[in-house]
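Structural overview
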Number of protein chains: 2
Amino acid sequence: MKYKAATIKDIAQALGLSTSTVSRALRDSHEISAATRQLVLDHAAQLNYHPNPIALSLKEKKSRSIGVIVSEIANSFFSQTINGIESVANEKGYTVIISQSHESFEKEVSTLQYLASRSIDGLLISVSSATKDLAPLKALHQYGFPIVFFDRIVEEIATHQVRVDNFQGAYNATTHLLQQGYQRIGCITNSAHLSITRERVAGYVAALDKAGIRLPASLIKYCFHGGMLQEEVADAVQELLQEKKRPDAIFATSDKLTTGCIRALKKAKLAIPEDMGLTGFSNSDLIELLYAPITVVRQPAFEMGQVATELLLQLIESKRPVKDFETKVLQTSLITPP
Amino acid sequence: MKYKAATIKDIAQALGLSTSTVSRALRDSHEISAATRQLVLDHAAQLNYHPNPIALSLKEKKSRSIGVIVSEIANSFFSQTINGIESVANEKGYTVIISQSHESFEKEVSTLQYLASRSIDGLLISVSSATKDLAPLKALHQYGFPIVFFDRIVEEIATHQVRVDNFQGAYNATTHLLQQGYQRIGCITNSAHLSITRERVAGYVAALDKAGIRLPASLIKYCFHGGMLQEEVADAVQELLQEKKRPDAIFATSDKLTTGCIRALKKAKLAIPEDMGLTGFSNSDLIELLYAPITVVRQPAFEMGQVATELLLQLIESKRPVKDFETKVLQTSLITPP
DNA sequence: TTTATTTACGCAATCGTTCCCGGAAAAATC
DNA sequence: GATTTTTCCGGGAACGATTGCGTAAATAAA
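Bear in mind the structure is a predicted one, so any value in this text is a computation, not a measurement. (Residues numbered from 1 in each chain as written. Chains lettered and ligands numbered in written order. Predicted model: local features only at pLDDT ≥ 70, side-chain atom pairs only at ≥ 80, totals over all residues. Heavy atoms only, no water.)

From N to C terminus, chain A includes 12 helices and 12 strands. Over its C-alpha atoms chain A spans a radius of gyration of 25 Å, topping by over 25% the 20 Å that the globule rule assigns to 338 residues. Summarising its shape, the C-alpha atoms of chain A cover approximately 90 × 40 × 35 Å along the three principal directions. Classification of the 338 residues of chain A by burial places 54% in the buried group. A separation of at least 24 residues holds for 71% of the contacts in chain A among residues at least 6 apart in sequence. Carbon together with sulfur atoms contributes 51% to the accessible area of chain A, which is approximately 14,900 Å² in total. Across chain A, the centroid of the 36 positively charged side chains sits 3 Å from that of the 35 negatively charged ones. (Helix = DSSP H or I, 4+ residues; strand = E, 2+ residues; numbered from the N terminus. Rg over C-alpha atoms; globule rule 2.2 N^0.38 Å. Buried < 20%, exposed > 50% of the residue type's maximum accessible area, 1.4 Å probe, protein only. Contact = heavy atoms within 4.5 Å. Areas by Shrake-Rupley, 256 points an atom, 1.4 Å probe, with all protein chains shown as cover. Lys, Arg positive; Asp, Glu negative; His and termini not counted. Charge placed at Lys NZ, Arg CZ, Asp CG, Glu CD.)

What follows is the structure, encoded as structure tokens:
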């Protein structure tokens, strides 16, 4: 019943040849006579022969698959990134195995070990917001395992990195709010140990500085779960609203946080942009259809996936250990509603 | 430099045993003396030994991985389904390999062949809107390859199926529009050869029938690319607007189509629900934040993924060919804005 | 003490493929 | 016609793990 795929041995037997000859006819060719080669090729086509990738993997000690770990594929930014990753990987004949950490460190570690044990050839990762212990990643990296970080970078590990100019993106968004006339801008951001948090908060602070505005640190609210938990964002917004001197605008540093703020503000019956200004990072294509069409910072997610994958494959296919690591920085764009 | 994983041979050599003894010590145990077994176990732990899954796959002729083909992971419904799939698959020790057809038949076929050649143990698929030639799927199925359809079913192929009660969902949505007072309800739907299209359109027609309303077939607009192309939906909406007797409401049968309608209506400067009523299938969690908070039909996507995966694993792990196929039908829910 | 049984382990085949090595036949050279 | 070179192909090991079969030693039964 169960389908048995044709093997090289089947072809050899049918044609009265040896497996080595068949194998060579299918690849080398020049060591094999044209007649035999054609014979093999024809019969292979007839049997719908496909080399068994598992046998190949065992022999070549590579699986031609790469792992991707993101927090959530339901996140527009990540799903767009994955499209970019797949476009490059598939073209080069690699399978992409996608895993989600759901912003949990434990899930990330278990997924990491699982992927490693599944013998993937390399890893693309945007670390979870809960990741502070880098030991598991470092262990893998020290074995010479190819890793490329994208979006949420880990600086302590020396390898290729792809990210956007988070500082500039945040700076532009904050400046935009200032230009709209907002003065007291709060910030709702991700877990404090994420690279994107540091960089985006820095951009936000720099923009305020430039405008000569100095605000208390309490106007920056960190969401440890990065907006995974709806109430976490709602609480952060509530806290901002309860500040002695209440902010007149909010800058949110990620997709989930931006939409979370809108949700919270709607619940609090605060009109955007009248009662509260809002801008933030987001790659959702529904932004323009929201009841409050806000300005957002958009990342070139697809391109980011492409670039990261190219770097990873480069790392994987390099003959000798790569010592020279690149950090690609892409530009964000500020999208304002029509 | 490159990390070389410990093998059973390494352990055998270090301990002066044969590979068979080591292998058995790691599994059987009762054929091996307790002393030797402990020795092997200790040394394996010390070397951080993990059985090579590729070697195992080659031997066992199964890879403990399943393939999933959906049109778009960026689609809320599918990303939620995938979460359900992963939750079950990972728990049972299976890897999930996700692929996207992007609603293209060619991409679906190539992805299908690619997955099959990557020796996955089974397939979960929601066919693309462009799929009318079923030959590739049938070929795979005839070989006894385990396939489970979810959401977008192929009736011609006898296997497990998981879907929602599309008829009822569409019936409820249409009835809701009728109750709001709309009389002339147009329908924007997916490619005509999709199961969900047939079922949802049937539900829509039945609801109109029940209300004693008979509308021309021209009020049903089919989008061959299922909303992948923005302009396709925009065109469909335009056509509806140019009908001699213009409809006063629209029922959209999928996620992309629903948001596509909103986009198109906004562009046409038609207010929802005043100028045009709208309801449709959608699993996006941003619906309630849209400028026009519409009523939507929601599918239990996560559960659907879970159920489909359980059926697939059951199929994969069954000793003898399964002849008795199940069709699981889940219920939709009508979500109205507060 | 002899025979039968168990215990504990090794040998070798197997999965599908590649590739090094060796060798016969054909072709080219002297 | 004899030698060298080329062409073309087969044998067999290897990748990492499992497993049926064989067998020596240890133990139990006679």
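That shown, we press on.
Geometry of a packed helix pair, given as the angle between the helix axes and the separation of the axes. Viewed as axis vectors pointing N to C, helix H4 (residues 53–60) of chain A and helix H4 (residues 53–60) of chain B meet at an angle of 140 degrees, and their least axial separation amounts to 9 Å. Of the possible angle classes, the one that applies to H4(A) and H4(B) is oblique. In terms of crossing hand, the pair formed by H4(A) and H4(B) is left-handed. Across the interface between the two elements, Ile54(A), Ala55(A), Ser57(A) and Leu58(A) of H4(A) pack against Ile54(B), Ala55(B), Ser57(B) and Leu58(B) of H4(B). When the residues that make up the contact of H4(A) with H4(B) are grouped by side-chain class, the tally is six nonpolar, two polar and no charged. (Axes fitted to C-alpha atoms, helices over the stretch in contact; angles between N-to-C directions. Parallel < 35°, antiparallel > 145°, perpendicular 65-115°, else oblique. Left-handed = near helix turned anticlockwise from the far one by under 90°. Nonpolar A, V, L, I, M, F, W, Y, C, P; charged D, E, K, R; others polar.)

Moving on, we get to the protein's contact with DNA strand C. Close to DNA strand C lie 28 residues, the nearest being Ile8(A), Arg27(A), Ser18(B), Thr21(B) and Thr36(B). Taken together, the sugar and phosphate atoms account for 59% of what DNA strand C places within 4 Å of the protein. Within the contact set of DNA strand C, a base nitrogen lies 2.8 Å away from a side-chain nitrogen or oxygen of Ser20(B). Contacts to DNA strand C include Thr36(B), whose side-chain N or O atom sits 2.6 Å from a phosphate oxygen. (Near = heavy atom within 4 Å. Polar contact = N/O pair within 3.5 Å; in protein donor to acceptor, adjacent residues only side chain to side chain.)

Around DNA strand D, the structure places 28 residues, and the nearest of them are Thr21(A), Thr36(A), Ile8(B), Ser23(B) and Arg27(B). Between DNA strand D and the protein, one listed contact pairs a phosphate oxygen with a backbone N or O atom of Ser33(A) at 2.9 Å. Within the contact set of DNA strand D, a base nitrogen lies 3.4 Å away from a backbone nitrogen or oxygen of Ala55(B). Taken together, the elements giving at least two residues each to the surface near DNA strand D come down to helix H2 (19–26) and H4 of chain A together with helix H1 (8–15), helix H2 (19–26) and H4 of chain B. The biggest single contributor to the surface near DNA strand D is H4(B), with four residues. When grouped by side-chain class, the residues that make up the surface near DNA strand D number eight nonpolar, 11 polar and nine charged.

The next subject is the relation of the copies chain A and chain B. Each copy of the sequence occupies a distinct position, and chain A is placed on chain B by a rotation of 179 degrees and an axial shift of 0.3 Å, giving an RMSD of 0.4 Å. What we have between these two chains is a two-fold relation. For chain A, the residue whose C-alpha comes nearest the rotation axis is Tyr291(A), separated from it by 1.5 Å. In this assembly, 98% of the residues forming the interface of chain A have copies in chain B that are likewise at the interface, indicating an isologous arrangement. (Least-squares fit on C-alpha atoms with pLDDT ≥ 70 in both.)

Residue and element names in this part refer to chain A. Their axes nearest at 7 Å, the elements helix H8 (residues 166–179) and helix H9 (residues 195–210) cross at an angle of 40 degrees. Judged by the angle between their axes, H8 and H9 are oblique. Both H8 and H9 take part in a crossing whose hand is right-handed. Mapping the contact onto sequence places Asn-166, Phe-167, Ala-170, Tyr-171, Thr-174, Thr-175 and Leu-178 in H8 and Ile-196, Glu-199, Arg-200, Ala-202, Gly-203, Tyr-204, Ala-206, Ala-207, Leu-208 and Lys-210 in H9. Here the contact of H8 with H9 is built from residues that sort into 10 nonpolar, four polar and three charged.

Residue and element names in this part refer to chain B. Examined against the element boundaries, Ala-301 turns out to sit in helix H12 (residues 301–317). Its relative accessible area of 2% is what places Ala-301 among the buried residues. Taking C-alpha positions, Ala-301 is 5.9 Å from Phe-77, a pair spaced 224 residues apart along the chain.

It is worth spelling out the UniProt feature "domain: HTH lacI-type" (unreviewed entry) in chain A at this point. Here, UniProt's "domain: HTH lacI-type" (unreviewed entry) annotation points to residues 6–60 of chain A. With 67% helix and 0% strand, the stretch residues 6–60 of chain A has end C-alpha atoms that lie 20 Å from each other. (UniProt positions renumbered as here; feature names shortened; annotations may be inferred.)

Here we take up the nonpolar core. If you look at the biggest cluster of nonpolar residues, it comprises 85 residues, and the most contacted ones within it are Ile185(A), Ile188(A), Tyr204(A), Phe251(A), Ile185(B), Ile188(B) and Phe251(B). Those residues in contact with Tyr204(A), other than ones at most four positions away along the chain, are Ala170(A), Tyr171(A), Thr174(A), Ile185(A), Gly186(A), Cys187(A), Leu215(A), Leu219(A), Ile220(A) and Phe251(A). Among the nonpolar cores identified, the runner-up in size contains 56 residues, and Ile82(A), Tyr94(A), Ala301(A) and Phe150(B) belong to it. (Core = buried A, V, L, I, M, F, W, Y, C linked by side-chain atoms within 4.5 Å.)

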